[in-house]
Amino acid sequence: MRTRAAVALEAGKPLEIMDVNLDGPKAGEVLVEIKATGICHTDDFTRSGADPEGLFPAILGHEGAGVVREVGEGVTTLKPGDHVIPLYTPECRQCHACLSGKTNLCTAIRGTQGQGLMPDGTTRFSMLDGTPIYHYMGCSTFANHTVMPEIALAKVRDDAPFDKICYIGCGVTTGIGAVINTAGVEIGSTAAVFGLGGIGLNVIQGLRMAGADKIIGVDLNDAKEAMARQFGMTDFVNPSKLSGSVTEAIIEMTKTERDPFGGVDYSFDATGNVNVMREALECSHRGWGVSVIIGVAPAGAEISTRPFQLVTGRVWKGTAFGGAKGRTDVPRIVDWYMDGKIDIDPMITHTMPLDDINTAFDLMHSGESIRSVVLY
Ligand code: NAD
Ligand code: AHE
Ligand code: ZN
């Protein structure tokens, strides 16, 4: 078949909207009509050329929602008409990682996924002249139709709106999951969140659900403060307006008579900046602070700190997709949204047709948007 897609032809260039060829689903695969897709900073990271795994030409996009249109041989858990959310972290329920119960990082198809290919080592997308186009993060939601492995699709209820639940395909689950699954935040905790974008706001939402008392948000952009307060932030810091470091400022904000050392119980990096990751670790509490890296850093970037920071009890952790097991957890998060336990709507600040997808990257760079969503 032919479908309409935004194609990343070269690193650092705007996406080009064009018709592409899409081969049908092979054994164990599913054809999905994408109804809506969010644009995450990770899409821009790869588009820019900063991703060591970036391949071109590719169809980016990994935060979608849609409807199953056709299933390949042997597919048993999905049928045409089912509503689904694509998973860049699949859940095969059979590999060593899935069976360990210790991680969401299913290994079943990670090798080919990182090479922009389907599990059989080929691509389903091609240009009209026959040039193959790579898949992205196993999803490629910047195409109106895509082919995905069955194990990388979460079946969700069919009364949930695509234009909102697409965000559960990455940002919502990553932010809330980082708090609940990775950090394990307890009632009454103090926390700092660096970067109040599409991920950081969901960390804040997760912290409020977990019952954190003090939620300090950090961003260079003052315009992010109001929405962050709406989602539960109690204090805001703009590092560019401080005379000292943000680490010192957060330690000062959390010192009490009983606790002269200060520091937050939990901190989260949602910027992808390795200097910020260090600040996040070092503002966490001596003896027990846990700092979670969510941000994705460019090729070649490395983190550093004095080992003394860890010797004195701080713990550095990371999280992918918020530690969520997609086929199990994503349908529940959709229920949370439908039951009013979490809010998504205000974070979707812009919507647009696929033809205008490059505007979403402009809005991200100018700091005007939280999430842009393409509606097909
Ligand atoms: P975003 O662009 O919406 O938000 C980033 C925010 O960080 C912006 O508000 C920006 O003003 C702020 N910021 C930038 N530099 C800063 C600094 N030095 N100090 C303080 N604030 C700063 O991006 P997003 O979609 O929220 O993604 C955030 C990061 O999370 C990206 O690196 C993305 O690739 C990553 N990510 C990781 C996962 C995962 O599974 N680990 C999932 C999704 C996104
Ligand atoms: N390709 C990058 C790594 C990118 C990365 O860390 N991706 C996250 C999801 S970001 C979603 O917005 C992830 O899930 N990582 C786990 C994995 O297996 O990729 C690089 O540096 O090579
Ligand atoms: Zn993402």
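Under an unreviewed UniProt entry, the chain has the name S-(hydroxymethyl)glutathione dehydrogenase and belongs to Litorivivens lipolytica. According to UniProt, the comment filed for the chain under the heading Sequence similarities (unreviewed entry) is "Belongs to the zinc-containing alcohol dehydrogenase family. Class-III subfamily."

Chemist: Hey, could you run me through the overall build of the chain in this one?
Modeler: Of the regular secondary structure elements, the chain holds twelve helices and 17 strands. The C-alpha atoms of the chain give a radius of gyration of 20 Å, which matches the 21 Å a tight globule of 376 residues would have. In terms of its C-alpha atoms, the chain occupies a principal-axis envelope of roughly 70 × 40 × 40 Å. Out of the 376 residues in the chain, the part that is buried amounts to 48%. In the chain, once contacts between residues fewer than 6 apart in sequence are set aside, the share between residues at least 24 apart is 70%.

Chemist: How do you make sense of the environment of Ala-65 when you look at a structure like this?
Modeler: Position of Ala-65 among the secondary structure elements: in strand S4 (residues 63-71). Classification of Ala-65 by C-beta neighbours within 10 Å gives buried; the count is 29. Spatially, the C-alpha atom of Ala-65 lies 8.8 Å from that of Lys-164, the residues being 99 residues apart in sequence. The residues touching Ala-65, leaving out its near neighbours within four places in the chain, are Lys-35, Ala-36, Ile-85, Phe-162, Ile-165, Cys-166 and Gly-169.

Chemist: Explain the site of ligand 2 here, please?
Modeler: All residues adjacent to ligand 2 are Cys-40, Thr-42, Asp-51, Pro-52, Glu-53, Thr-89, Leu-105, Arg-110, Cys-170, Val-296, Ala-320 and Phe-321. Considering only residue class, the shell around ligand 2 consists of seven nonpolar, two polar and three charged.

Chemist: Could you clarify how one ought to interpret helix H8 (residues 246-254) in this entry?
Modeler: Because each turn of an α-helix spans 3.6 residues, side chains separated by three or four positions end up pointing in the same direction. Val-246, Ala-249, Ile-250 and Thr-254 are the residues of H8 that are buried. Projected down its long axis, H8 shows its buried positions confined to an angular sector of 125°, all on one face. Along its buried surface, H8 packs onto strand S10 (190-194), strand S11 (214-218), strand S12 (235-237) and helix H9 (274-282).

Chemist: Looking at this structure, how should I read the nonpolar core?
Modeler: Soluble globular proteins: nonpolar side chains tend toward being buried together. Judged by nonpolar contacts, the single largest core of 102 residues is most densely connected at Ile-59, Ile-165, Ala-191, Ala-192, Val-193 and Phe-268. No fewer than three residues from each of domain 1 (2-169 + 344-375) and domain 2 (175-319) sit in this core. The residues contacting Ile-165, other than those within four sequence positions of it, are Ala-65, Ile-85, Val-156, Ala-160, Val-334 and Tyr-337.

Chemist: Got a minute to help me understand the domain arrangement of the chain in this structure?
Modeler: You'll often see interface size given as the accessible area lost when the parts meet. Looking at the assigned domains, one finds that the chain contains domain 1 (2-169 + 344-375) and domain 2 (175-319). Each of domain 1 and domain 2 has a C-alpha centre, and the two are 29 Å apart. Each partner contributes to the interface: domain 1 provides twelve residues, whereas domain 2 provides ten residues. When residues in the side of domain 1 that touches domain 2 are grouped by element, the largest group, three residues, is from helix H1 (residues 41-48). Split into classes, the residues belonging to the side of domain 1 that touches domain 2 amount to seven nonpolar, three polar and two charged.

Chemist: Is there a simple way to explain the packing of helix H5 (residues 171-183) against helix H6 (residues 200-210) in this structure?
Modeler: Think of two packed helices as two axes; the pair is described by the angle between the axes and how far apart they sit. Packing of H5 against H6 brings their axes to within 7 Å, and their N-to-C directions diverge by 45°. Classified by the angle their axes make, H5 and H6 are oblique. Note that H5 runs across H6; the crossing there is right-handed. Along its contact with H5, which presents Gly-171, Val-172, Thr-174, Gly-175, Ile-176, Ala-178, Val-179 and Ile-180, the element H6 presents Gly-200, Leu-201, Asn-202, Val-203, Gln-205, Gly-206, Leu-207, Met-209 and Ala-210.

Chemist: Just checking my understanding: could you explain the pairing of strand S5 (residues 83-86) for this structure?
Modeler: Regular strands have side chains that alternate between both faces of the sheet. Burial along S5 is two-sided: the face carrying His-83 and Ile-85 and the face carrying Val-84 and Pro-86 are both buried. Here two bridges tie S4 to S5, and the two strands are oriented antiparallel to one another. Note that in S5 the partner of Gly-66 across the bridge is Val-84. Summarising the sheet, S5 and strand S9 (residues 153-156) pair through four bridges and their orientation is antiparallel. Opposite Ile-85, over in S9, you have Ala-154 as the bridge partner.

Chemist: In this structure, what is going on with the sheet that holds strand S6 (residues 125-126)? I would like to understand it.
Modeler: Sheet strands pair via backbone hydrogen bonds, and the direction of the pair is either parallel or antiparallel. Spatially, the four strands line up as an open sheet ordered S1-S2-S6-S7, and their pairing is antiparallel. Looking at strand neighbours, the two that pair on one side only are strand S1 (2-7) and strand S7 (132-133), the edges of this open sheet. By the bridge criterion, six bridges tie S1 to strand S2 (residues 16-22) in an arrangement that is antiparallel. Residue pairing for S2: Ala-6 is matched across the bridge by Ile-17.

Definitions and limits used
- Residues numbered from 1 in each chain as written.
- Chains lettered and ligands numbered in written order.
- Predicted model: local features only at pLDDT ≥ 70, side-chain atom pairs only at ≥ 80, totals over all residues.
- UniProt positions renumbered as here; feature names shortened; annotations may be inferred.
- Helix = DSSP H or I, 4+ residues; strand = E, 2+ residues; numbered from the N terminus.
- Rg over C-alpha atoms; globule rule 2.2 N^0.38 Å.
- Buried ≥ 20, exposed ≤ 12 C-beta atoms within 10 Å, placed from the backbone.
- Contact = placed C-beta atoms within 7 Å.
- Near = placed C-beta within 6 Å.
- Nonpolar A, V, L, I, M, F, W, Y, C, P; charged D, E, K, R; others polar.
- Arc of directions from axis to C-beta.
- Core = buried A, V, L, I, M, F, W, Y, C linked by C-beta atoms within 7 Å.
- Domains from an automatic or database assignment.
- Axes fitted to C-alpha atoms, helices over the stretch in contact; angles between N-to-C directions.
- Parallel < 35°, antiparallel > 145°, perpendicular 65-115°, else oblique.
- Left-handed = near helix turned anticlockwise from the far one by under 90°.
- Pairing = 2+ DSSP bridges.

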